[in-house]
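A structural walkthrough
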Amino acid sequence: MASLDRIKVLVLGDSGVGKSSLVHLLCQNQVLGNPSWTVGCSVDVRVHDYKEGTPEEKTFYIELWDVGGSVGSASSVKSTRAVFYSSVNGIILVHDLTNKKSSQNLYRWSLEALNKDSSPTGVIVTNGDYDREKFAENPVPLLMIGTKFDQIPENKRNDVLTRTAFLSEDFNAEEINLMTGFTDRKRFNFKNLHYD
Amino acid sequence: EECLSPTCSFCTPQVLFFGFGWLFFMRQLFKDYEVRHYIVQVVFSVTFAFSCTMFELIIFEILGALSSTSRYFHWKLNLYVILLVLIFVVPFYIGYFVVSNIRLLQRQKLLFACVVWFTFMYFFWKLGDPFPILSPKHGILSIEQLISRVGVIGVTLMALLSGFGAVNCPYTYMSYFLRNVTDSDILALERRLLQTMDMIVSKKKRIAMTRRQMYQRGEDQSKQTGIWGMIRSVTSPPPNSENLSLIQQEVDALEELSRQLFLETVDLQATKERIEYSKTFQGKYFNVLGYFFSIYCVWKIFMVKFWSQHISFILVGIIIVTSIRGLLITLTKFFYAISSSKSSNVIVLVLAQIMGMYFVSSVLLMRMSMPLEYRTIVTEVLGELQFNFYHRWFDVIFLVSALSSILFLYLAHKQAPEKHMTM
């Protein structure tokens, strides 16, 4: 067990987008029956075989830290939340495809989390305005997940996909879109986490 | 021509009020949510605009601006519109959005919304029975019937809020100095929180690894056939499953602890921020304003006879501004605490309803503060309501609310020092 390295991944997003359900699916391989409001932070662990089947196979624990709340929370909540953002290896940004605001709020979420990380590039906090340069130099890999894809009417799906493709490009992040209930269980390859 | 310019002078500020309500909605209340139903925004802004216009009319009354006939006309017009909004429009839309959230009733949304509205009207009408708010000479379909009921609800709300505010304000101001939160207190709590999270993580790792091993072994076991396989599975039951449930219980307890620690840390942070704010000039200024309303209530008891025009104008103006500001802040806090993306529409409409009723009753109560010569217009417009009843009702509810708040805060304060002693 001592040889297993620690990997911490934050799961961020507005309340009600499906972070807890996602984390539960990833770690327990089951659908979450009764999702409730997350107070503070809830952690779950997934065992992952990196480079499975090859001689370099190594087993990692991936800690998924699901931080609850909204970007508009009081500053006391934000300062308390900041303790969870230290030494992060990756960030999963979750947004609801039926709610445009939740996608826009991802900028503020990522700024909140990355600012705490205090990378050597010296990220300065503006009031939530988007600055592409910050994300280009960002050493922390980002993964964007859109939920509730099946709740979008057929004719609007292409528009939504285009919008989110642009969004993930801005973030320099990978992107996955999920259905409600997550009946379609995809194998998540954490391609971005390279540990040599 | 005489009617044209006063109408313009009312329309311009009304448009401004509407714009302010619109901006408040967008920038404050709905800043984290997506506006999908613009009707909600319009209804909120309209309610706000017409409520503010009523206050404007009182100011005009005291100042003696414009002719009395045009003032009277605008009073009546404004009153009709706001009653229409508060009794028909807002309750109907509240019913409509509540019904939209319930899946079973999706098919016949309009029908069920009408049902909800009729239920509301029934109880609204019944409100007239226990209260002596009308004199018997009023007909069934008079405007006094509607205003009197709106007045009762609004006055109750005002008294509840004022009572709580009058007690809460000095309590919070004093208690922050008594509690004296330092940075090291917060750091200690944060450290405990992170340690708890780390413990949860390590236990969950054990559970995950154990499950994995069980799964692998289970796979191996299922491959074993024959007698030896059966004997094996009976004589050596997996010892890990009992361990697992024990560890899971420990994890549940730790998770509950982490939530408590999180909330305590938030509480300490908020206290520290409020202490810092109250030391600033801005903080002190707003504290003074907050005290003003309570002082005014006390002053009223002594029944100062001498009221000059200017004093009453300034007083009335300050009361209006303080109560609007106080109400908007309270509504915003309430909204953030309880809303989600599903219920936000309903909550905003409920807030608009409360706001409208609150402002209408402010006008009712304000009548007492105004000198005799200005009272006539209010009496003329609102009809012959039993104004004394409203004042007595306000005083009773104010007292009840203040006493309950004292009790509530006392009990809450008693629990707090015990929490921190276990740190």
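Scope of this entry: the structure provided in the associated data block. Predicted model only: the values in this text are computed from it and were never measured.

**Some remarks on the pattern of salt bridges**
If charged atoms from side chains of opposite charge come close, those side chains can pair. Following the criterion strictly, the structure yields 7 salt bridges over all chains and no others. Between Glu250 of chain B and Lys203 of chain B there is a salt bridge, and its shortest N-O distance comes to 2.8 Å. Of the two residues, Glu250 of chain B sits in helix H8 (residues 240-279) while Lys203 of chain B sits in helix H6 (residues 183-223), which places them 47 residues apart along the sequence. Among the charged side chains, a network of salt bridges with common partners joins Asp44 of chain A together with Lys204 and Glu255 of chain B.

**Things to note about the interface of chain A and chain B**
The interface is formed by 34 residues belonging to chain A together with 31 residues belonging to chain B. Across the chain A/chain B interface, buried area totals approximately 2800 Å², and carbon plus sulfur atoms make up 60% of it. Two residues, Glu63 of chain A and Lys205 of chain B, come together in a salt bridge whose shortest N-O distance is 3.3 Å. At the boundary of chain A with chain B, the tally comes to 4 residue pairs in polar contact (both at pLDDT 80 or more). Of all the elements in the fold, those that place two or more residues in the side of chain A that touches chain B are strand S2 (41-50), strand S3 (58-67), helix H2 (75-81) and helix H3 (100-117) of chain A. In terms of residue class, the side of chain A that touches chain B is made up of 14 nonpolar, 12 polar and 8 charged.

**Topic: the nonpolar core**
Phe44, Met54, Leu83, Val150 and Val348 of chain B are the most contacted members of the largest nonpolar core, which totals 61 residues. Those elements giving two or more residues to this core turn out to be helix H1 (4-29), helix H2 (38-63), helix H3 (68-101), helix H4 (109-126), helix H5 (143-179), helix H10 (309-338), helix H11 (344-369) and helix H13 (387-421) of chain B. Top element by residues in this core is H11 of chain B. It accounts for 13 residues. Once you skip the residues sitting within four places of it in the chain, Val348 of chain B turns out to touch Phe25, Leu29, Phe30, Val40, Phe44 and Phe335 of chain B. Ile91 and Leu114 of chain A together with Ala208 and Val266 of chain B belong to the second largest nonpolar core, which has 39 residues in total.

**Description of the pairing of strand S5 (residues 142-147) of chain A**
Residue and element names in this part refer to chain A. In terms of residue burial, S5 counts as a mostly covered element, since 6 of its 6 residues are buried. Neither face of S5 is left uncovered, since the one carrying Leu142, Met144 and Gly146 and the one carrying Leu143, Ile145 and Thr147 both have all their residues buried. Bridge analysis of strand S4 (residues 90-96) against S5 gives 6 bridges, and the strand direction is parallel. Note that in S5 the partner of Val94 across the bridge is Ile145.

**Some thoughts on the packing of aromatic side chains**
Taken as a whole and assessed by the stated rule, the structure comprises 15 aromatic pairs over all chains. When the centroid spacing of 6.5 Å and the interplanar angle of 35° are considered together, the rings of Tyr93 of chain B and Phe97 of chain B count as tilted. With Tyr93 of chain B and Phe97 of chain B both in helix H3 and 4 residues apart, this pair spans about one turn of that helix. By relative accessible area, Tyr93 of chain B is classed as partly exposed at 23%. With a relative accessible area of 5%, Phe97 of chain B lands in the buried category. Measuring from ring centre to ring centre gives 5.5 Å for Tyr96 of chain B and Phe97 of chain B, while their planes differ by 80°; the resulting arrangement is edge-to-face. Classification of Tyr96 of chain B by relative accessible area gives partly exposed; the value is 23%. Above the plane of the ring of Trp65 of chain A lies Lys8 of chain A, whose end atom (NZ or CZ) is 4.1 Å from the centre. Lying over the aromatic face of Trp125 of chain B, Arg149 of chain B brings its terminal NZ or CZ to 4.4 Å of the ring centre.

**A word on the side chain of Glu112 of chain A**
Looking at where Glu112 of chain A falls in the secondary structure, it is placed in helix H3. Polar side-chain contacts of Glu112 of chain A include one of 3.0 Å to the side chain of Arg81 of chain A.

About the cut-offs
- Residues numbered from 1 in each chain as written.
- Chains lettered and ligands numbered in written order.
- Predicted model: local features only at pLDDT ≥ 70, side-chain atom pairs only at ≥ 80, totals over all residues.
- Heavy atoms only, no water.
- Salt bridge = Lys/Arg side-chain N within 4 Å of Asp/Glu carboxyl O.
- Helix = DSSP H or I, 4+ residues; strand = E, 2+ residues; numbered from the N terminus.
- Contact = heavy atoms within 4.5 Å.
- Buried area = accessible area lost by both parts, 1.4 Å probe.
- Polar contact = N/O pair within 3.5 Å; in protein donor to acceptor, adjacent residues only side chain to side chain.
- Nonpolar A, V, L, I, M, F, W, Y, C, P; charged D, E, K, R; others polar.
- Core = buried A, V, L, I, M, F, W, Y, C linked by side-chain atoms within 4.5 Å.
- Buried < 20%, exposed > 50% of the residue type's maximum accessible area, 1.4 Å probe, protein only.
- Pairing = 2+ DSSP bridges.
- Phe/Tyr/Trp six-rings, centres within 6.5 Å; stacked < 30°, edge-to-face > 60°.
- Lys NZ or Arg CZ within 6 Å of the ring centre and 35° of its normal.

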